[in-house]
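For reference, the chains in residue letters:
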Amino acid sequence: MSNVKFFQEDNLPLEMHKVRIVQKLNLLPVEERLKAIQEAGSNTFLLRNRDVFLDMLTDSGVNAMSDRQMAAMMIADDSYAGSETFYRLEAKIQEIFGTKFFLPAHQGRACENIISQVFVKPGSVVPMNYHFTTTKSHITLNGGRVEEIYIDEALEVTSDHPFKGNVDIDKLVALIKDVGVENVPFVRMEAGTNLIGGQPFSLENLREVRKVCDEYGIMLVLDASLLQDNLYFIKTREESCRDKSIREITREIADLCDIIYFSARKLGCARGGGICTDNAELADKMREFVPLYEGFLTYGGMSVREMEAIAVGLEETMDLEVIDQGPKFIAHMVRELEKRGIPVVTPPGGLGCHVDAKQFVDHVPQEQYPAGALAAAIYIAGGIRGMERGTLSEQRDEHGNETLSNMELVRLALPRRVFTLSQVQYTVDRLAWLYENRRLIEGLTFVEEPKVLRFFFGRLKPVSDWQLKLAEKFRQNFGDSL
Ligand SMILES: *Cc1c(COP(=O)(O)O)cnc(C)c1O
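All figures in this text were calculated on a predicted structure; none of them were measured in a lab.

**Some words on the overall build of the protein**
Piece 1. When you go through the protein residue by residue, the secondary structure sums to 19 helices and 14 strands.
Piece 2. Against the compact-globule benchmark of 23 Å for 482 residues, the protein has a radius of gyration of 22 Å, which places it among compact chains.
Piece 3. Taken over the C-alpha atoms alone, the protein extends approximately 65 × 55 × 45 Å along its principal axes.
Piece 4. Intrachain contacts of the protein at a sequence separation of at least 6 include 74% that bridge at least 24 residues.
Piece 5. With the model as given, the accessible surface of the protein reaches about 19,900 Å², and the carbon-plus-sulfur share is 49%.

Take a look at the structure:
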């Protein structure tokens, strides 16, 4: 385990890699940042990347690849059917997860589409530790319902609970009894629970969930998209796993699940996805959907180059010195923000740092999307692109009423091994400035509101000229500086 100690600085994360290819960045003056965010309808998804300095929108498909991944891409075997590349990837997955069958798909949500079409029926109820946006949409589209059975600590912004992604076992049992076991096609566990701040579940909790599934004869499905962070947290936070290798922990997790699916835009540090199972019957049920929606069974909509990169990326995921980079940088950023009094989700999770907009802009009502407003303000303050994870990311109910989100977060994702420590420090500094001037931030209102997944492409505008005032204040404080 990497355990470098600094002489003077406490706990600074140290990069266990060197940078060999770089990309030039561009930081626009604040006036142009203001213009860009207004042209983007105050939605950070609609910004053009050339207008973004630090892109912390997501960790999806933007993680730094290793030299070995790039090298593997050169030996990819291009063929529609029977590509050697597929067999290499399949073998790596068999080795790591111990699952015999691998169904390739072009990304994580494609796996969710297939799993939901096969197993979710009108009236189905799918219990899970927490939903993810695309998961919920697919389950709902097939007539099912999502039930979240997280522990009480899950939604506490500041907590020292090491495993906020755990399921409340009593609530799980009660729910199954309540809705009837015949209506529960599977229980879904999400590794590194995305929407509550990249929070992990413990191996012990997964074992308990498995026990309940066995008792009632229900399948257990793992969304392993953020497994690498969850593995790191199990290794470092779960006493009984201290002496286990990442490989051993991975295998124990996989052995507890009937189906594992993942987005290789995160797990495996490339672009793609797939469904893994050791159960021939389950594989048979899902298989026909691969050529129907994705592509032939030996590529599933992925490029063979990406598949080679995923195989190597999965192997590299078994190395603690590779997977600890993300969580360590995030922990550093969280500590620095806390030092400045900025409300942020604790304990630090995986995938990014989550600023609590409910506290940051406690004067903005939830109906005016405080997290969306804060995300726009962060872009104006520093050219930093984060993502709203709050009411804006929800969907209106059948009567058209807002579904107020449990949490109002701005996620500043740290794509793995992409940013330097000084870029993290710059982000902390701009957030500190914004926090001092938080009273200038006001809400947003929709101009164009799509019915489904509105956060992706909806357009909004500020409720007043607050964005202009914020940019003017920046100019007063920073002078000619960017
Ligand atoms: C990103 C993500 C998905 C969807 O994966 P895509 O590759 O973006 O389609 C599903 N579940 C979780 C937990 C994710 O983080």
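Now that the structure has been shown, the text picks up again.
**Describing the site of the ligand**
Piece 1. In the vicinity of the ligand lie 15 residues, with Q107, R109, D223, S263 and K266 positioned nearest.
Piece 2. Here N194 contributes a side-chain N or O atom positioned 2.9 Å from an oxygen atom of the ligand.
Piece 3. Relative to its unbound accessible surface of 380 Å², the ligand loses 98% to contact with the protein.
Piece 4. Partitioning the shell around the ligand into residue classes produces 2 nonpolar, 7 polar and 6 charged.

**Examining the nonpolar core**
Piece 1. Core analysis: the biggest nonpolar cluster contains 59 residues, and F97, V209, L222, I253 and F262 have the highest contact counts within it.
Piece 2. Considering each element in turn, this core owes the most residues, 6 residues, to helix α12 (residues 304-317).
Piece 3. For I253, the residues in contact, after removing those within four places along its chain, are L203, L206, L222, L227, L231 and I234.
Piece 4. One finds L34, Y369, L431 and L434 within the second-largest nonpolar core, a separate group that totals 58 residues.

Calculation notes
Residues numbered from 1 in each chain as written. Predicted model: local features only at pLDDT ≥ 70, side-chain atom pairs only at ≥ 80, totals over all residues. Heavy atoms only, no water. Helix = DSSP H or I, 4+ residues; strand = E, 2+ residues; numbered from the N terminus. Rg over C-alpha atoms; globule rule 2.2 N^0.38 Å. Contact = heavy atoms within 4.5 Å. Areas by Shrake-Rupley, 256 points an atom, 1.4 Å probe, with all protein chains shown as cover. Near = heavy atom within 4 Å. Polar contact = N/O pair within 3.5 Å; in protein donor to acceptor, adjacent residues only side chain to side chain. Nonpolar A, V, L, I, M, F, W, Y, C, P; charged D, E, K, R; others polar. Core = buried A, V, L, I, M, F, W, Y, C linked by side-chain atoms within 4.5 Å. Buried < 20%, exposed > 50% of the residue type's maximum accessible area, 1.4 Å probe, protein only.

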